[in-house]
Amino acid sequence: SPDKSYHAYYPYQNDSDMNGKVSPGDKDFFKLLVKAWSVKDNQRTYAQYTASDLMTARHVPAHPSGACYEIYLYRKDRRPRDS
């Protein structure tokens, strides 16, 4: 239904790490997480790089009856950038 939306993020965080960092009802559900996200200085390994590579996705079902058979989540790179 139009009042529902689905959200996903990467990399995984423990539930306790996500408390207070999402904004239910806001189009930018993850804005508080993005603001608090820290990018590691050392990104030499895959694990170090991916720990800093925050991506988020949002989907709002378009079917007027609310039926949704497939959900497509398009990711958006949300890492802070240097100016």
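Residues numbered from 1 in each chain as written. Predicted model: local features only at pLDDT ≥ 70, side-chain atom pairs only at ≥ 80, totals over all residues. Heavy atoms only, no water.

Chemist: Quick question: what am I supposed to make of the nonpolar core here?
Modeler: One recurring pattern in soluble globular proteins is that nonpolar side chains are buried together. Counting residues in each nonpolar core, the largest one holds seven residues, listed as Met18, Phe29, Phe30, Leu33, Val34, Trp37 and Leu54. Ignoring sequence-local partners within four residues, the contact set of Phe29 consists of His7, Lys21, Val22, Ser23 and Pro24. (Core = buried A, V, L, I, M, F, W, Y, C linked by side-chain atoms within 4.5 Å. Buried < 20%, exposed > 50% of the residue type's maximum accessible area, 1.4 Å probe, protein only. Contact = heavy atoms within 4.5 Å.)

Chemist: Would you explain the pattern of salt bridges in this entry?
Modeler: Pairing between side chains of opposite charge can happen when the charged atoms of each approach one another. Within the structure shown, the criterion is met by one salt bridge. For Asp26, the salt bridge identified is with Lys31, shortest N-O distance 2.6 Å. A residue is classified by how much of its surface remains accessible, and Asp26, at 24% relative accessible area, is partly exposed. (Salt bridge = Lys/Arg side-chain N within 4 Å of Asp/Glu carboxyl O.)

Chemist: Please explain the environment of Tyr49 as it appears in this structure.
Modeler: Topologically, Tyr49 is positioned in helix 3 (residues 46-52). Classification of Tyr49 by relative accessible area gives partly exposed; the value is 32%. For the pair formed by Tyr49 and Val39, sequence separation is ten residues and the distance between their alpha carbons is 8.8 Å. (Helix = DSSP H or I, 4+ residues; strand = E, 2+ residues; numbered from the N terminus.)

Chemist: Mind showing me how you'd approach the confidence of the model for the protein chain here?
Modeler: The predicted coordinates ought not to be read in detail in places where the model reports low pLDDT. When pLDDT is averaged along the protein chain, the result is 79, and 71% of the positions lie at 70 or above. Within the protein chain, the element-level pLDDT minimum falls on strand 3 (residues 74-77), averaging 64, and the maximum on helix 2 (residues 31-36), averaging 89. (pLDDT = per-residue confidence, 0-100.)

Chemist: I keep staring at the packing of aromatic side chains and nothing clicks. Help me out?
Modeler: Each aromatic ring pair is characterised by the separation of its centres together with the angle its planes make. Evaluated as defined, the whole model comprises two aromatic pairs. Taking the centre distance of 5.0 Å and the plane angle of 85° together, the rings of Phe29 and Phe30 count as edge-to-face. Summarising the burial analysis for this pair, Phe29 and Phe30 share the class buried. An aromatic cluster of three or more residues is present, and its members are Tyr9, Phe29 and Phe30. (Phe/Tyr/Trp six-rings, centres within 6.5 Å; stacked < 30°, edge-to-face > 60°.)

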